Amino acid sequence: MAVWLQAILTLAPAAQCQQLAEWLEHRGRQDLTTRGGRLWGLWEGRSGLGFGSDEAILMSVWPDDASAGAAVELMKAMPGVLAVAGTPLHPTLRPQDDHPAAGGGSWVFREFHLAATDIEAFLERSAAAWESFEATFDSEVVGLFRGPNLDGETASLLLITRYADLDAWEKSRNADAAPGAWQQLSERHALTRWTRARSATRQPLPGEQ
């Protein structure tokens, strides 16, 4: 099963996300490919909320956990990168393929911690909410990934949602606009022990159609 690697990169003071994108399009993409990886998306933290102004989010797809873990060392050698925090992620309900991330707007990365025994209930409520949620708000649920367990009892999930803009994200918090979806989301929230949402802007690679 394919493994997604989320790498939060700390950039050097003079480094820009655009420069990283240009390097990835040429040497970086080749380095990832020769090791079995595929670039999935790059986001700039500075233009969003919650990430550091010196952070970029690079996500790639690998054939297994071992190759994803080894890729962290590769990313540490990227020009302009001071540090890498890598997390292997396994897809759940979405995405259903490994096509690269696409689209503009505001991308929200929401982390969840919950009891491992509540994973299935969490997924069921998520699936029940999405159709109504996406139909009501200008949004797209791109992926819901399971990360490494925090301990023997606590699981972690990462939800990635693309909104048309930050205003659309704010409007999506209006429970009255989509009561059916929000009933499911409220039940999902009751299962959540901790959560955090951060937004970023996707950085297109040079030559992207």
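Above this text sits the structure in question.
Residues numbered from 1 in each chain as written. Predicted model: local features only at pLDDT ≥ 70, side-chain atom pairs only at ≥ 80, totals over all residues. Heavy atoms only, no water.

Undergrad: So what's going on with the pairing of strand E2 (residues 38–44)? Residues and values would help.
TA: Regular strands show a simple pattern: their side chains alternate between the two faces of the sheet. Of all seven residues in E2, six are buried, a share of seventy percent or more. Of the pairings in the sheet, the one linking E2 to strand E3 (residues 55–62) comprises six bridges and is antiparallel in character. From the neighbouring strand, Gly-41 faces E3, where its bridge partner is Met-59. Bridge analysis of E2 against strand E8 (residues 192–202) gives two bridges, and the strand direction is antiparallel. By the bridge assignment for E8, Trp-43 is matched with Arg-202. (Buried < 20%, exposed > 50% of the residue type's maximum accessible area, 1.4 Å probe, protein only. Helix = DSSP H or I, 4+ residues; strand = E, 2+ residues; numbered from the N terminus. Pairing = 2+ DSSP bridges.)

Undergrad: Quick one: what's the story with the packing of aromatic side chains, residue by residue and with numbers?
TA: For the coordinates displayed, the defined rule picks out 10 aromatic pairs. Centre to centre, the rings of Trp-43 and Phe-109 are 5.3 Å apart; their planes meet at 85°, and the pair counts as edge-to-face. With a gap of 66 residues between them, Trp-43 in strand E2 and Phe-109 in strand E5 (residues 106–115) connect regions that are remote in the sequence. Phe-109 shares its class with Trp-43; the two are buried. Summarising the aromatic geometry, the rings of Phe-112 and Phe-122 are spaced 4.9 Å apart at their centres and angled 70° between planes, so their arrangement reads as edge-to-face. Here Phe-112 is found in strand E5, whereas its partner Phe-122 is found in helix H3 (residues 119–136), with 10 residues between them in sequence. A relative accessible area of 0% places Phe-122 in the buried class. (Phe/Tyr/Trp six-rings, centres within 6.5 Å; stacked < 30°, edge-to-face > 60°.)

Undergrad: How would you sum up the nonpolar core? Please name residues and give values.
TA: Counting residues in hydrophobic clusters, the biggest one holds 25 residues, and the most contacted among them are Leu-9, Leu-20, Leu-24, Leu-42, Leu-58, Met-75 and Met-78. The set of elements that each furnish at least two residues to this core consists of strand E1 (3–11), helix H1 (17–34), E2, E3, helix H2 (65–76) and strand E4 (81–91). For Leu-24, the residues in contact, after removing those within four places along its chain, are Arg-29, Leu-39, Leu-42, Leu-58, Met-78 and Leu-205. The next biggest cluster of nonpolar side chains, apart from the first, holds 17 residues, and it includes Ile-57, Val-142, Phe-145 and Ala-200. (Core = buried A, V, L, I, M, F, W, Y, C linked by side-chain atoms within 4.5 Å. Contact = heavy atoms within 4.5 Å.)

Undergrad: Can you explain the sheet that holds E3? Please cite residues and give values.
TA: Strands sit in the order E1-E3-E2-E8-E5-E7-E6-E4 around a closed barrel of eight strands; the barrel is antiparallel. Across the sheet, the mean angle separating the axes of adjacent strands is 35° when strand polarity is ignored. Where strand E6 (residues 139–147) lies against strand E7 (residues 154–163), eight bridges are found, and the strand directions are antiparallel. Each bridged residue has a counterpart across the sheet, and for Arg-146 the counterpart in E7 is Leu-157. Sheet strands in contact with H2 are E1, E3 and E4, and its direction is about 165° off that of E4. (Axes fitted to C-alpha atoms, helices over the stretch in contact; angles between N-to-C directions.)

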